[in-house]
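So you can see what is in the structure, the chains are spelled out below.
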Amino acid sequence: MPAPRTGHTVPVRAPGAAERSGLPQRPRGSGSSRRPQGQVPRGAARCAPPAGVLVRTNRLLTGLGPGLFTSCLYVHLARHRARLAGAGHPPPVLRRPDGRAQVLRVPPNLLLGVDAADCTCTQVDLPPGSVLVLCTDGLVEVPGTDLLDSFEALAARRADAGDLDEEGLADVLVEDVRRSAHRSDDVALLLRTR
């Protein structure tokens, strides 16, 4: 088990592939070498393109039974590039080194758990000094406001924040949620600096 890491005021740990997927795992010490139905093989996503990972995960989820749905944003970082595939998940925001921030257009694939045959991905350059912001819709969703408008507002807040470190940037991005009583959804935020 990797050592615990600290997220923005919340302890987190780097989970294994099966834990990331939220699927059941084989009990430790079970002695069985056969994987239970639904468990993702260790290393299944290694070196696979994001769209392929989502297609295989979707097949696995639909095989577990009807009524199981989830959104997902899969990002593969390599040097100064990211490949992204989404399944009903909010898009990321990218702040470029020159200070411009934009909502990335990830192909609109269906939620995982919907029997769909194909999934597409996109690729973006991440020059040194870029910051990639990934979050759940709980960070931006405001009743009566178009979700894309809310993400554009998040991009503007990110651009206005300047060159803050990750801790300061996280404070800026979640400030609106802290002040708002009308927000009831969970919030998760991940910042990746290149």
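Whatever comes next refers back to the structure up there.
Each value, and the rule that gives it
Residues numbered from 1 in each chain as written. Predicted model: local features only at pLDDT ≥ 70, side-chain atom pairs only at ≥ 80, totals over all residues. Heavy atoms only, no water. Helix = DSSP H or I, 4+ residues; strand = E, 2+ residues; numbered from the N terminus. Buried < 20%, exposed > 50% of the residue type's maximum accessible area, 1.4 Å probe, protein only. Contact = heavy atoms within 4.5 Å. Areas by Shrake-Rupley, 256 points an atom, 1.4 Å probe, with all protein chains shown as cover. Core = buried A, V, L, I, M, F, W, Y, C linked by side-chain atoms within 4.5 Å. Salt bridge = Lys/Arg side-chain N within 4 Å of Asp/Glu carboxyl O.

Colleague: Can you explain the overall build of the chain? Please cite residues and give values.
Modeller: Check the secondary structure of the chain and you find 4 helices and 9 strands. When the elements of the chain are put in sequence order from the N terminus, they spell out β-β-α-α-β-β-β-β-β-β-α-α-β. Buried residues in the chain amount to 32% of all 194 residues. Of all intrachain contacts in the chain linking residues separated by at least 6 positions in sequence, the fraction that spans at least 24 positions is 60%. For the chain, the accessible area works out to roughly 11,600 Å², and carbon and sulfur atoms hold 52% of it.

Colleague: Let's hear about the nonpolar core: which residues, and what values?
Modeller: Val 93, Leu 139, Phe 151 and Leu 154 are the most contacted members of the largest nonpolar core, which has 17 residues in total. Per-element tally for this core: the top contributor is helix H4 (residues 166-179), with 5 residues. Judged by nonpolar contacts, the second largest core, of 11 residues, contains Ala 48, Val 55, Leu 112 and Cys 119.

Colleague: Describe the pattern of salt bridges, and please don't skip the residues or the numbers.
Modeller: A complete count under the given rule lists 4 salt bridges for this structure. Across the salt bridge formed by Arg 100 and Asp 98, the nearest N and O atoms sit 2.8 Å from each other. Note on Asp 98: relative accessible area 54%, which makes it exposed. Here Glu 152 ties to Arg 105 by a salt bridge, and the two come within 3.3 Å at their closest N and O atoms. Residue Glu 152 is located in helix H3 (residues 147-160), and its partner Arg 105 is located in the loop between strand S6 (101-103) and strand S7 (122-125); the two are separated by 47 residues in the primary sequence. Note on Glu 152: relative accessible area 35%, which makes it partly exposed.

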